[in-house]
Amino acid sequence: MKALGWFAAVFLAAVAQVTVAPLFPVAGAVPELVLLTICLAAAFSGPVPVMVLTPLGALMLGMTSDRDPGLLLLAYLPVAVLGALLEDAPLPLGHAARSYAMTLGAGLAARTVLAIGAMLGGAPAAFGALAADVLLPGLLVDIVLLTICYVPLRLIGLEGSGFRLQRGRYFASL
């Protein structure tokens, strides 16, 4: 049942990314709702749902918008990598700090990949305007939306999960 809920959340985020998010730009940037949903799944469900939801979210958003699903997949992959790196980092970070750091890093990486893809597709290469008009406002919007979603989920008692995969063993005994 939880898997169906995450699937529905990513689907609704992809639809809202195309229909609702462009109506509320902040300094030219819109929130990455699919990315935020994947980050929330990473924070509250662990790595396995993220590994399933990342390609599904990229495919759903690619089908509902004019973006390339392969480029979206490359943009959203840092969620899993950053989640694993922050979990194993020697820094004493709490669950909330890891979630915010993962969202900031993944948001920066996603917007950079999407901007480079747009520049390769013919958009002007204005890196100063990209940083001032897209990256910083977009990250700010993502952090505000993450707070709006994360804090109530913690307040209702939802516990965050770790981001460790169970290590498998290889047995060569035949």
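The structure under discussion appears in the preceding block.
Residues numbered from 1 in each chain as written. Predicted model: local features only at pLDDT ≥ 70, side-chain atom pairs only at ≥ 80, totals over all residues. Heavy atoms only, no water.

A. Main features of the pattern of salt bridges. A complete count under the given rule lists three salt bridges for this structure. The partner of Arg 98 in a salt bridge is Glu 87, with the nearest N and O atoms 3.5 Å apart. One end of the pair, Arg 98, is in helix α6 (residues 95-120); the other, Glu 87, is in helix α5 (residues 78-88), and eleven residues separate them in sequence. For Glu 87, a relative accessible area of 17% gives the class buried. Linking Arg 111 and Asp 142 is a salt bridge whose minimum nitrogen-to-oxygen distance equals 2.6 Å. Placement of the pair is Arg 111 in helix α6 and Asp 142 in helix α7 (residues 127-155), with a sequence separation of 31 residues. (Salt bridge = Lys/Arg side-chain N within 4 Å of Asp/Glu carboxyl O. Helix = DSSP H or I, 4+ residues; strand = E, 2+ residues; numbered from the N terminus. Buried < 20%, exposed > 50% of the residue type's maximum accessible area, 1.4 Å probe, protein only.)

B. Here's a closer look at empty space enclosed by the protein. The tally for this structure, following the rule as stated, stands at one cavity of 30 Å³ or more. As for the largest cavity, its lining consists of 13 residues, and the residues nearest its centre are Ala 42, Glu 87, Arg 98, Met 102 and Phe 163. Mapped by element, the contributors of at least two residues to the lining of the largest cavity are α2 (33-45), α5 and α6. Among the residues forming the lining of the largest cavity, the class breakdown is six nonpolar, five polar and two charged. (1 Å grid on protein atoms, 1.4 Å probe; cavity = no way out; pocket = protein on both sides within 12 Å on 5 of 7 lines; lining within 4 Å. Points joined across faces, edges and corners; volume = space filled by probe spheres on them. Nonpolar A, V, L, I, M, F, W, Y, C, P; charged D, E, K, R; others polar.)

C. Fine view of α6. Helix length check: α6 (26 residues) gives 37 Å between terminal C-alpha atoms against 38 Å at 1.5 Å per residue, within 8%. Summarising the contacts, the buried residues of α6 are in contact with α2, α4 (69-76), α5 and α7. Looking at the residues trailing α6, positive phi occurs at Gly 122, about 120 degrees. (Expected span 1.5 Å × (residues − 1). Contact = heavy atoms within 4.5 Å.)

D. Just the side chain of Thr 37, in detail. Considering the arrangement of structural elements, one finds Thr 37 in helix α2. The contact partners of Thr 37, leaving out residues within four places of it in the chain, are Trp 6, Ala 9, Val 10 and Ala 13.

E. Molecular detail of the environment of Ser 45. With respect to the helices, strands and loops of the structure, Ser 45 is situated in helix α2. Classification of Ser 45 by relative accessible area gives buried; the value is 18%. On a C-alpha basis, the gap between Ser 45 and Ser 161 in space is 5.8 Å, while along the polypeptide they are 116 residues apart. Ignoring anything within four residues of it in the chain, the contact list for Ser 45 reads Lys 2, Trp 6, Leu 40 and Ser 161. Among the polar contacts listed, one links the side chain of Ser 45 to the side chain of Trp 6, at a separation of 2.7 Å. (Polar contact = N/O pair within 3.5 Å; in protein donor to acceptor, adjacent residues only side chain to side chain.)

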